[in-house]
Structures are given as C-alpha cells and as structure tokens.
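# Per-entry structural report
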Amino acid sequence: MNQDQAHQLRQLSNSLAQHKKMSRVVTVASGKGGVGKSNFILSFALSLMELGQKVVVIDLDIGMANLDILMGTTPKYHLLDMILERKSIWSVLERGPQGLEYIAGGSGLKELLQLREEERHYFFRELEKLHGYADLILIDTGAGLTVESQQCHLAADEVILLTTPEPTAMADAYSVVKILHSQKPTISFQLVVNRVSRQKEGIEAGSKFKFAVQRFLNKEITIFGAIPDDAAVMQAVLKQVPFYLAYPRAQASLTLKRLAQRFINGAEAVPAEDGGMKGFLRTISRMFTS
Ligand SMILES: Nc1ncnc2c1ncn2[C@@H]1O[C@H](COP(=O)(O)OP(=O)(O)OP(=O)(O)O)[C@@H](O)[C@H]1O
Ligand SMILES: [Mg+2]
C-alpha cells in the first residue's frame, strides 16, 4: 500500500468512526404508579420495530418483573444476575414476542432494590456496551424516582413522562420534572397523557402541564401525545400479550402506531392549547412553589 492509499484508508476509518451509529437512550418515567408505563413501553417498542428500528427494552423496575408478565415470557436471567454476578449484558439479553430484545427486571427482590455504588457503576458500564447495537434503548422505570432511575433519566437523551389526566398523577409528574430539572436543567421531557376519554382531554391536560412547567420552572417540555383509555389494554394484560399485538386495530394500538411514526420522524409535537389553566396552576403553585 502506498502512502496515498494509507492516507485514504485512515480518512475513511476516521469518518466511519465519526458516523458510528449511536443509540438513542430514552427512559420512561411517571410520578404516580400504575399510569401505564410498562404497557406503553412494550407496545411502543413493538410499533417502533415495525418501522424498522432495532430496539432494546430494559426493565429497571428491579424486583417487580412487570415486563415479562406483560409479555408472558419467562426470562432465564435478569438485571440483578448481571449486576450481582457480574455477568455481561449480552448474556442477560432475552427475546420476547416478535423477537423484541429485552432485559428483565427480576421479581420478588424488592429488598435488594438499593444497589451499592460499585454495582451501579457496573450496571452503567454494561449498559454502555449496547451503544451502537440498537437504534433505540428504552428503559422502563418504576413510579417516582430511585437512585438508579434518577441516574438513568439524567443520563438519557430524553425522558418520556407518562401521566393520566388526574390531578394527582399530574402533580406527581410535576414533582419528577422539578427534581430532575433541578439536577440537569437541559433535560428533555416528552409528555404522554394516557387513558384519556377524548383526544381533546389529553391536549388540555398536556397543555396545563406544559404551561405550569413553563411558568414555575421556566422550562419547555414537549407534548408528545395522548393515548385513549381503551378496554383492549386490560384485556391484553389478562392475556399476557402486549396490546399492540393482541389488539392491533384497537384505538390504543392505532395511537401508538402514530406516536412511533412521530417519534422517528421528529415531527411537530402536539400544539398546546389554553384549557382552563387556573385550577391546575393554583394546585401546582400551592404544592410546589412555597
Ligand atoms: N390506555 C389504557 N387504557 C386502559 N387501561 C390502561 C391503559 N394504560 C394502562 N391501563 C391499565 O393500567 C394498568 C397499569 O398499567 P402499567 O402496569 O403499564 O402501569 P405502570 O405505570 O407500569 O405501573 P407501575 O408504576 O406499577 O410500574 C394496566 O394493567 C391496565 O389495566
Ligand atoms: Mg410498570
């Protein structure tokens, strides 16, 4: 090889290194429990896969084993096997329906939830190995914030924040934004309002939330969308099949399909509307700005 060719090869490999595919890391959070994070994440992952995305889902709700129950799968290993036995991330990567790659959270281990610092380091080191392997890494977390989930949210590219339109769920979601924003002002949130009776209800609830965050935290968040309250979701939970697969024509599934398209295309988020802000602003201001 002459000098010119060697130079060209070096340039090529530099440019390949620069374009090395990075994974988009997205965490799913909520303030209140039971608002639909785990069901959302599985069906969202499946709809993104349908669009050609390579997705890995991680169940960080350690000890509560929600994702495998919702998929009807029995994982051989889970996150704690990786962390406590220093297994590699590749050995705990499992496959669910449609080949969905996931790492289980493990069940019945609530007492081990608080990891030691070196265990958290190991977890994050292994997680980094997934970079470039998947287009998207979706991390499910339990309700509220634990040390682990907080670190994941702060390290992620963006946080999808789920709430229902109920004031209690919205107030708890607001606390999550407030805490994470105080630690990382550049953190990016995409709000999903789940279980709405009409799309308009979702937009109104989302708008109230967006304005409250703007007003009290001087922060912009995006309203990503609203998902209807749909009996198919509970039916699918009972069947232990993600609703997107069990009932692909259900309103919730069709909505997820649209959300996945919007997520990939980075299309305009839902515009906010002013919908009776006063009550919510009063609640938030009473609870959080004293
Ligand atoms: N769009 C929806 N329509 C109707 N029911 C829903 C919807 N989303 C969630 N649910 C109901 O809420 C229940 C709880 O959902 P899920 O387990 O996904 O919540 P979660 O936020 O992950 O809970 P946790 O905080 O305990 O992890 C589901 O079993 C289902 O019955
Ligand atoms: Mg869950």
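Position labels on residues start from 1 in each chain and follow its written sequence. All chains are assigned letters beginning with A, and all ligands numbers beginning with 1, in the order in which they are written. pLDDT decides what is reported in this predicted model: residues at 70 or higher carry local features, side-chain atom pairs at 80 or more are listed and counted, and totals for whole chains, interfaces and linings draw on all residues regardless. In computing side-chain properties, one takes all heavy atoms of the structure into account and sets aside hydrogens as well as water.

Per an unreviewed UniProt entry, the protein carries the name MinD/ParA family protein and comes from Neobacillus mesonae.

### Re the site of ligand 1
The cut-off we apply is this: Put simply, a residue is near a molecule or strand once any heavy atom of it comes within 4 Å of that molecule or strand. Pairs of N or O atoms within 3.5 Å make up the polar contacts considered here, provided that, within protein, one atom can donate a hydrogen while the other can accept it, and that residues adjacent in sequence are counted only when both atoms are side-chain atoms. Computed with the Shrake-Rupley method and a 1.4 Å probe, the accessible areas treat only the protein chains shown as cover for residues. Numbering goes from the N terminus for both helices and strands, where a helix is a DSSP run of H or I of at least four residues and a strand is a run of E of at least two. Side-chain classes follow a simple rule in which Ala, Val, Leu, Ile, Met, Phe, Trp, Tyr, Cys and Pro form the nonpolar group, Asp, Glu, Lys and Arg form the charged group, and the remainder, Gly included, forms the polar group.
The immediate surroundings of ligand 1 are formed by 18 residues, with Gly34, Lys37, Ser38, Asn39 and Asp230 found nearest. In this structure, an oxygen atom belonging to ligand 1 sits 3.2 Å away from a main-chain N or O atom of Val35. One of the side-chain nitrogen or oxygen atoms of Asn194 is found 2.9 Å away from a nitrogen atom of ligand 1. Across the complex, the protein chains shield 81% of the 640 Å² of accessible surface that ligand 1 would expose by itself. Of all the secondary-structure elements, those providing two or more residues to the shell around ligand 1 are α2 (37-50), β7 (189-196) and α9 (231-239). Classifying every residue of the shell around ligand 1 gives six nonpolar, seven polar and five charged.

### Description of the pattern of salt bridges
Put simply, the test is: The salt bridge definition used is simple: a Lys or Arg side-chain nitrogen within 4 Å of an Asp or Glu carboxyl oxygen. Exposure classes here rest on a 1.4 Å probe applied to the protein chains alone. A residue is buried below 20% of its type maximum, exposed above 50%, and partly exposed in between.
This model, assessed by the stated rule, comprises twelve salt bridges. Here Glu119 makes a salt bridge to Arg116, at a shortest N to O gap of 3.6 Å. By relative accessible area, which is 8% here, Glu119 ends up buried. Between Lys200 and Glu204 there is a salt bridge, with the nearest N and O atoms lying 2.8 Å from each other. With Lys200 and Glu204 both in helix α8 (residues 199-217), this residue pair falls four residues apart, about one helical turn. With relative accessibility at 45%, the residue Lys200 sits in the partly exposed group. On the basis of relative accessibility, which here comes to 25%, the residue Glu204 falls in the partly exposed class. Put simply, Lys54, Arg95 and Glu101 are held in one network by salt bridges that share partners.

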